[in-house]
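Structural characterization, general
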2 protein chains.
Amino acid sequence: MRLVIARCSVDYVGRLSAHLPMATRLILVKADGSVLVHSDGGSYQQPNWMSPPCRQEESPGSWRVVNKGGEELRITIEDVLHDSTHELGIDPGLKKDGVEAHLQELLAAQVHLLGMGWRLVRREYPTAIGPVDLMCRDEGSGAVAVEVKRRGDIDGVEQLTRYLELLNRDPALSPVRGVFAAQEIRPQARVLAEDRGIRCVTLNYDAMRGIELEGTLF
Amino acid sequence: MRLVIARCSVDYVGRLSAHLPMATRLILVKADGSVLVHSDGGSYQQPNWMSPPCRQEESPGSWRVVNKGGEELRITIEDVLHDSTHELGIDPGLKKDGVEAHLQELLAAQVHLLGMGWRLVRREYPTAIGPVDLMCRDEGSGAVAVEVKRRGDIDGVEQLTRYLELLNRDPALSPVRGVFAAQEIRPQARVLAEDRGIRCVTLNYDAMRGIELEGTLF
DNA sequence: TTGTTGATTTCGCAA
DNA sequence: TTGCGAAGTCAACAA
């Protein structure tokens, strides 16, 4: 990894055109050849960059980074304040926990949280417009489509509504009810869901994980 | 801006949990206090970070960065290979060109691409639930609402559907047809749109820009 | 402050 | 490879 602090201007021409006027910035060159330009403040993201795989041509005062797709990053350098290279080695990678997939998995193992006597038919139940997160049968064997979200938004209600509309065209399943389950449900989403006869359930991630952990103890 | 190259492990606890095992990485501290951790390869984005505003507590071998929302980034440092601080000053900011607004502008100037004899009524046609990108009249003077996207997704179809539903309540306009125009249209979005009687049109940005450029030549 | 929408979204998974 | 949906989405802008 190479770190350069320099007074520079940057132009990107590719999927769009972007221009950074002359100023002092950090230019970061990774081992895979990708180039990132960072300012000191403003957004925490890089204001300009070129994603790998890409090729770099360096001449005094001017860098040119070209992508396979014809995208181009051109850096004009007026003054270099710092330039150092460091050997970092490979990174073992990031482990994430607590995302939607995990939430879905936890709920699939605990469908009784939705109602006594409920059972899971299958996860990722396929339809023509995409998979339903959980398909269940309630205590009276009625079909229920469950949409799981980390944050329950209007989009999620729309998504579940589309599934329900489609599933209810199938005489073998109909009537299919809907449950919208999320860690947080925004008021607007809740209103819309309930207006459409969809039940809203707030999930407690820690409690669900706790139950799961308990289960593994015995 | 402070640059630290160090052998470290990183833990984030907040909206989710994430862990980076011990390895050599770049730790970048910006003037606003935000902290970014970069590996040398893999994804070109930062694998772990804390966005501003945040507060940093540094003790030998351990950093703790805390957010207002109770999110926490904990960096355990085993060995420091480099540590330097640089004064960058303020950044003038980024200028972009060629995004959706541009696409809409181009299509507005070339509504004949949608059909012979079509004319533009106006861009950003106002409704109670937001502006319709383009309102047109077709060859038979029928009203047509056009939604322009760079990537045509189901969300865009839903958006246009809401506009059409509202517009068709107005006897002075009704019937209003819909056109969904985008550089790329995803199959599921196309299915949904056509199921609702909305015409899908794929836009060729380069060709549209080319025509525009030609136009300026004469 | 809150909500909405676009993004060079990026990223990961699965068909 | 391509398609599709989630993201600690982020960030800009309007209400």
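Residues numbered from 1 in each chain as written. Chains lettered and ligands numbered in written order. Predicted model: local features only at pLDDT ≥ 70, side-chain atom pairs only at ≥ 80, totals over all residues. Heavy atoms only, no water.

Considering the overall build of chain A
On a plain count of helices and strands, chain A comes out with four helices and 13 strands. Against the globule reference of 17 Å for 218 residues, chain A gives a C-alpha radius of gyration of 26 Å, more extended than a compact globule. Each principal axis of the C-alpha atoms in chain A carries an extent, and together these give about 75 × 45 × 30 Å. The buried share of chain A, taken over its 218 residues, is 48%. (Helix = DSSP H or I, 4+ residues; strand = E, 2+ residues; numbered from the N terminus. Rg over C-alpha atoms; globule rule 2.2 N^0.38 Å. Buried < 20%, exposed > 50% of the residue type's maximum accessible area, 1.4 Å probe, protein only.)

Brief notes about the state of the cysteines
Residues and elements named next belong to chain B. Following the criterion strictly, the structure yields zero disulfides over all chains and no others. As a non-bridged cysteine, C8 has C54 as the owner of its nearest cysteine sulfur, 16 Å distant. With relative accessibility at 0%, the residue C8 sits in the buried group. With no disulfide of its own, C136 has C200 as its nearest cysteine by sulfur position, at a separation of 16 Å. (Disulfide = S-S within 2.5 Å.)

Some words on the protein's contact with DNA strand D
Taken together, 20 residues form the shell around DNA strand D, and within it K149 and R150 of chain A together with N48, W49 and P187 of chain B come nearest. Considering DNA strand D, the proportion of its atoms within 4 Å of the protein that are sugar or phosphate atoms stands at 74%. R151 of chain A is positioned such that a nitrogen or oxygen atom in its side chain is 2.8 Å from a phosphate oxygen of DNA strand D. Listed by contribution, the elements that provide at least two residues to the surface near DNA strand D are strand 11 (143-152) of chain A together with strand 4 (48-50) and helix 3 (187-195) of chain B. (Near = heavy atom within 4 Å. Polar contact = N/O pair within 3.5 Å; in protein donor to acceptor, adjacent residues only side chain to side chain.)

Points about the relation of the copies chain B and chain A
Both copies of the chain are related by one operation, a rotation about an axis with a shift along it. Superposing chain B onto chain A requires a rotation of 171° together with a translation of 0.5 Å along the rotation axis, leaving an RMSD of 2.1 Å. In this assembly the copies share their binding face: 93% of the residues contributing to the interface of chain B also contribute to that of chain A. (Least-squares fit on C-alpha atoms with pLDDT ≥ 70 in both. Contact = heavy atoms within 4.5 Å.)

Some words on the interface of chain B and chain A
Between chain B and chain A, the contact holds 58 residues from the first and 60 residues from the second. Counting the surface lost from both chain B and chain A, the interface buries some 4700 Å², and carbon and sulfur atoms represent 56% of this. Sorting the residues of chain B by area buried against chain A places D40, Y44 and L88 of chain B first, and these three jointly supply 17% of that buried surface. At the boundary of chain B and chain A, one finds three salt bridges. Measuring nitrogen to oxygen at the nearest pair gives 2.6 Å for the salt bridge that ties R25 of chain B to D91 of chain A. Scanning the region where chain B abuts chain A turns up 17 residue pairs in polar contact (both at pLDDT 80 or more). If you tally residues by element for the side of chain B that touches chain A, the top one is strand 2 (residues 17-29) of chain B, at 11 residues. Grouping the constituent residues of the side of chain B that touches chain A by class yields 24 nonpolar, 20 polar and 14 charged. For strand 2 (residues 17-29) of chain A and strand 8 (residues 95-97) of chain B, the ladder comprises three bridges, and the chain directions are antiparallel. Each bridged residue has a counterpart across the sheet, and for S17 of chain A the counterpart in strand 8 of chain B is D97 of chain B. (Buried area = accessible area lost by both parts, 1.4 Å probe. Salt bridge = Lys/Arg side-chain N within 4 Å of Asp/Glu carboxyl O. Nonpolar A, V, L, I, M, F, W, Y, C, P; charged D, E, K, R; others polar. Pairing = 2+ DSSP bridges.)

Structural notes on the sheet that holds strand 13 (residues 199-202) of chain A
All names here are of chain A. In spatial order, the strands read 9-10-11-12-13; together these five strands make up an open sheet with mixed pairing. Looking along the sheet, the strands with just one partner apiece sit at the ends: strand 9 (119-125) and strand 13. In this sheet, neighbouring strand axes are inclined to one another by 30° on average, regardless of whether the strands run parallel or antiparallel. (Axes fitted to C-alpha atoms, helices over the stretch in contact; angles between N-to-C directions.)

Looking at the packing of helix 2 (residues 154-167) of chain B against helix 3 of chain B
Residue and element names in this part refer to chain B. Their axes nearest at 8 Å, the elements helix 2 and helix 3 cross at an angle of 20°. Taken together, the axes of helix 2 and helix 3 lie roughly parallel to each other. Judged by the sense of rotation from one axis to the other, the crossing of helix 2 with helix 3 is right-handed. Along the contact surface, helix 2 presents I154, V157 and E158, while helix 3 presents Q188, A189, L192 and A193. Taken together, the residues of the contact of helix 2 with helix 3 sort by class into five nonpolar, one polar and one charged. (Parallel < 35°, antiparallel > 145°, perpendicular 65-115°, else oblique. Left-handed = near helix turned anticlockwise from the far one by under 90°.)

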